[in-house]
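# A closer look at the structure
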Amino acid sequence: MCNSLIPAAYRAAGPDGSPAAGAAGRRDFPPAPEPLPAPVMDNHTHLDFPDGAGPVGVAAALDAAQAVGVQGAVQVGCDLESSRFTVQAVDLDSRLLGAVALHPNDAPDYAARGELEDALAEIERLAAHPRIRAIGETGLDFFRTEGEGLVHQRYSFRRHIDIAKRLDLTLQIHDRDAHDDVVQVLREEGAPERVVFHCFSGDEELARICNTEGWNMSFAGTLTFKNAHNLRAALAVAEPELVLVETDAPFLTPHPHRGRANASYMVPYTVRAMADLTGIDLSRLCQQISENTVRAYGSWD
């Protein structure tokens, strides 16, 4: 049974003292789920993205997550501003690790301004921080970028792969409508030792490729959506040692709260769905996810 209370950090009072439905067009936050029986980590969140009824600090967001068994998170950058924020955030709270990169949809904009090379150089400098454990999110997105922009997207992806390999960091991939091309680039460039398909959006075929290559598949709230038959088929064949969980907060809020704001404290909804779908005992699944996450990113200690 769900806790009926929204975590205090995510609560905004309306005129009568009740939680507001969302100020200035922002979405309200769902109730906290029942805590997990064993801790896991949210391996992809954006704490700097504004959403919900009001701003939430790093410590408060992680407190709310820890209260339901989500003991840590990976804060992810997707441009220079958010990557700089990530480096600052990982110094604020030991429950955070970080990833820095230029999102594939932003790479063409940097290129158009003649700033792509300088931006990539700064990403590499930021990635030298000891609590930055991944280069991401990077990859290919054929949904929002087309034409000449794809040339810059591919170039940026290859450069990020090179940075990850030279710095021995995990590669965190954004893959939207580009499965075959992402796999092709990884094979052409030679994938880093650790690869995570963030918000895994493929099907059984891509899952089997990931199994063969040893690439991690990170499942988000999309797994719980009614039309996500491909994701459930993928999870069914995914090697348990390669499975991770994430929120991609504030996006992709899991069922039954789809459409409301997302946060790391929502991870248990997705983990319970994963347990139901795979038939794996919930405690064992939590332990497996935690072990997988540490293998992918290293220790939070």
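Residues numbered from 1 in each chain as written. Predicted model: local features only at pLDDT ≥ 70, side-chain atom pairs only at ≥ 80, totals over all residues. Heavy atoms only, no water.

## Some details on the pattern of salt bridges
Opposite charge on two side chains allows them to pair when their charged atoms are near. Just so we agree on the cut-off: Any Lys or Arg side-chain nitrogen found within 4 Å of a carboxyl oxygen on Asp or Glu counts as a salt bridge. For the exposure calls, accessible area comes from a 1.4 Å probe over protein chains only, and a residue counts as buried if that area is under 20% of its type's maximum, exposed if over 50%, partly exposed in between.
For the structure shown, the criterion picks out 15 salt bridges. The shortest N-O distance in the salt bridge between arginine 194 and glutamate 193 comes to 3.8 Å. Taking relative accessible area as the criterion, glutamate 193 reaches 67% and is therefore assigned exposed. One network of salt bridges, in which partners are shared, links Asp63, Asp93 and Arg95.

## Describing the packing of helix α4 (residues 116-126) against helix α5 (residues 148-167)
Geometry of a packed helix pair, given as the angle between the helix axes and the separation of the axes. The cut-off we apply is this: Every axis corresponds to a line fitted to the C-alpha atoms, with the helix fit spanning only the stretch in contact, and the corresponding angles, defined between N-to-C directions, vary from 0 to 180 degrees. Elements are defined by DSSP. Helices are runs of H or I of four residues or more, strands are runs of E of two residues or more, and each kind is numbered from the N terminus. Geometric relationships in this document are graded by angle, where less than 35 degrees denotes roughly parallel, more than 145 denotes roughly antiparallel, 65 to 115 denotes roughly perpendicular, and other angles denote oblique. A crossing counts as left-handed when the near helix is turned anticlockwise from the far one by less than a right angle, and as right-handed when that turn is clockwise. By the convention used here, residues are in contact when the closest approach between their heavy atoms is within 4.5 Å. Amino acids are sorted into nonpolar (Ala, Val, Leu, Ile, Met, Phe, Trp, Tyr, Cys and Pro), charged (Asp, Glu, Lys and Arg) and polar (every other residue, Gly among them).
For the pair α4 and α5, interaxial distance at closest approach is 11 Å and the crossing angle is 25°. Taken together, the axes of α4 and α5 are roughly parallel relative to one another. In the crossing of α4 with α5, the sense of the turn from one axis to the other is right-handed. Between α4 and α5, the contacting residues are Leu116, Glu117, Leu120 and Glu124 on the first element and Tyr155, Ser156, Arg159, His160, Ile163, Arg166 and Leu167 on the second. Residues belonging to the contact of α4 with α5 are distributed by class as follows: 5 nonpolar, 2 polar and 4 charged.

## Some points on the environment of glycine 190
Tracing the sequence through the fold places glycine 190 in the loop between α6 (179-189) and β6 (195-197). In this structure glycine 190 comes out as partly exposed when scored by relative accessible area, which is 25%. With 25 residues separating them in the primary sequence, glycine 190 and lysine 165 have C-alpha atoms 8.9 Å apart.

## Focus on the pairing of strand β1 (residues 40-45)
Let me state the cut-off plainly: Note on pairing: DSSP must find at least two bridges between two strands before they are called paired.
Most of β1 sits inside the fold, with 6 of its 6 residues counted as buried. In this structure, β1 lies alongside strand β2 (residues 70-76), joined through 4 bridges in parallel fashion. Residue pairing in the sheet places methionine 41 in a bridge with glycine 72 of β2.

## Remarks on the packing of aromatic side chains
In plain terms, the rule: Whether two aromatic rings pair depends on their centres lying within 6.5 Å, for rings of Phe, Tyr and Trp, where Trp uses its six-membered ring; planes under 30 degrees apart make the pair stacked, over 60 edge-to-face, and the rest tilted. Distance and angle both matter: a charge sits over a ring if NZ of Lys or CZ of Arg is within 6 Å of the ring centre and within 35 degrees of the ring normal.
Across all of its chains, the model carries 4 aromatic pairs by this definition. Ring plane angle 70° and centroid distance 5.8 Å describe the contact between phenylalanine 49 and phenylalanine 251, whose orientation is recorded as edge-to-face. One end of the pair, phenylalanine 49, is in the loop between β1 and α1 (58-66); the other, phenylalanine 251, is in the loop between β8 (243-245) and α9 (267-278), with 202 residues separating them in the sequence. When its relative accessible area of 37% is taken as the criterion, phenylalanine 251 is described as partly exposed. Every member of this aromatic cluster is reached through a ring pair, and the members are Phe197, Phe200, Trp215 and Phe219. The cationic tip of arginine 113 hangs over the ring face of tyrosine 110; the distance from NZ or CZ to the ring centre is 4.9 Å. The ring of phenylalanine 225 has arginine 258 lying over it, and the distance from NZ or CZ to the ring centre is 3.7 Å.

## Topic: α9
So the rule is basically this: Multiplying 1.5 Å by the helix residue count minus one yields the expected span of that helix.
Its 12 residues place the ends of α9 17 Å apart at the C-alpha level, agreeing with the 16 Å of an ideal helix rising 1.5 Å per residue. Among the residues making up α9, those that are buried are Val267, Pro268, Tyr269, Thr270, Val271, Ala273, Met274 and Ala275. Positive backbone phi, approximately 75°, marks glycine 279, located one or two places after α9.

## Brief notes about unusual backbone geometry
Following glycine 136, the chain continues into glutamate 137 via a peptide bond in cis, with omega recorded as 10°. Of note in this structure, cysteine 199 is not a glycine but carries a positive phi near 45°. Of note, cysteine 199 is situated in the loop between β6 and α7 (204-213). A positive phi angle is found at leucine 252, which is not glycine, with a value near 60°. Along the polypeptide, leucine 252 turns up in the loop between β8 and α9.

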